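# Coordinates in review
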Amino acid sequence: MQYSTRKVAPNAMTAGLRNVSLREKPMNGNGQKIFKRPSWDEYFIEIAKVVSSRSTCLRRRYGAVIVKDRVIVSTGYNGAPRGSINCVDVNRCKRKELNIPSGERYELCEAVHAEQNAIINGSPERMKEASIYIAGSEEDGSFAEGKPCLLCARMIRNAQIREVIYLSKSGSIIRVEDLKTLDTTPARA
């Protein structure tokens, strides 16, 4: 049976998130569409999108969800450290003002990455052999590349997380099981 993808209009839960898709089966004999539950990867990527809605970054909004045995262990979004002033609250981004490209000069950024926050917030014992799901969006609402940066990739490996599943800029869900490959290929462009 073939499946189609449809885009869902934003509502209160997904405000600011775009390209939310649900899979449907074709119409049945009575002309009614039959809903198909999302795969586990789709489900947790959608949760990562919702988590990203808490981001305090002006440039990109990322969410991360750490999952073990299909149970959420921890979540995190990108934003200023606890107790610091959020960029979104002062409407100022130093890297944006200086036109610094993505992936460069992180030392000028106030934010802690979503993956880092999810790892910081989680129990080390529960993260062992878990999966991390990452989704992000650009300022204009389009998909942002969800592949972890080099530092986040190292932290993920150090937390003994087994695999990374992220939403790519094209909207595809990518699974990385050999985490060493995250160190050798370019991340968020």
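Refer to the structure printed above.
In this report, we go over the structure that sits alongside the text. (Residues numbered from 1 in each chain as written. Predicted model: local features only at pLDDT ≥ 70, side-chain atom pairs only at ≥ 80, totals over all residues. Heavy atoms only, no water.)

## Considering helix H4 (residues 114-121)
For the record, the criterion: Burial status follows relative accessibility: with a 1.4 Å probe on protein chains alone, a residue under 20% of its type maximum counts as buried, one over 50% as exposed, and anything between as partly exposed. Each helix is a run of H or I in the DSSP string that is no shorter than four residues. Each strand is a run of E no shorter than two, and both are numbered from the N terminus. A contact between two residues is defined here by any heavy atoms of the two lying within 4.5 Å.
Across the 8 residues that make up H4, a large majority, 6, are buried. Within H4 the residues assigned to the buried category are Ala114, Glu115, Gln116, Asn117, Ala118 and Ile119. Along its buried surface, H4 packs onto strand E4 (60-68), strand E5 (71-77), helix H5 (124-127), strand E6 (131-138) and helix H6 (150-158).

## A closer look at the sheet that holds strand E8 (residues 173-176)
To keep things clear, this is the line we draw: In this scheme, strands are said to pair when DSSP sees at least two bridges between them. What counts as an axis is a line fitted to C-alpha atoms, over the stretch in contact for a helix, and the angles between N-to-C directions run from 0 to 180 degrees.
On the basis of which strands lie adjacent, the open sheet formed by 5 strands has the order E5-E4-E6-E7-E8 and mixed pairing. With partners counted over all chains shown, the strands left at the sheet margins are E5 and E8, one partner each. Between one strand and the next, the sheet's axes are offset by a mean angle of 20°, whatever the strand orientation. Bridge analysis of E6 against strand E7 (residues 163-167) gives 4 bridges, and the strand direction is parallel.

## Thoughts on the packing of aromatic side chains
Aromatic ring pairs are defined here through the distance separating the ring centres and the angle between the ring planes. Put simply, the rule is: Two rings belonging to Phe, Tyr or Trp (six-membered ring only in the last case) form a pair when the distance between their centres is within 6.5 Å. Interplanar angles under 30 degrees mark stacking, angles over 60 mark edge-to-face geometry, and anything in between is tilted.
Under the defined criterion, the tally for this structure stands at 4 aromatic pairs. Between the aromatic rings of Trp40 and Tyr43, the centroid separation amounts to 5.7 Å while the plane-to-plane angle is 85°, which identifies the pairing as edge-to-face. Of this pair, Trp40 and Tyr43 are both found in helix H1 (residues 40-52), 3 residues apart, which corresponds to roughly one turn of the helix. Residues Tyr43 and Phe44 carry aromatic rings whose centres are separated by 4.9 Å and whose planes lie at 70° to one another, so their mutual orientation is edge-to-face. The rings of Trp40, Tyr43, Phe44 and Tyr133 are connected pair by pair, giving a single aromatic cluster.

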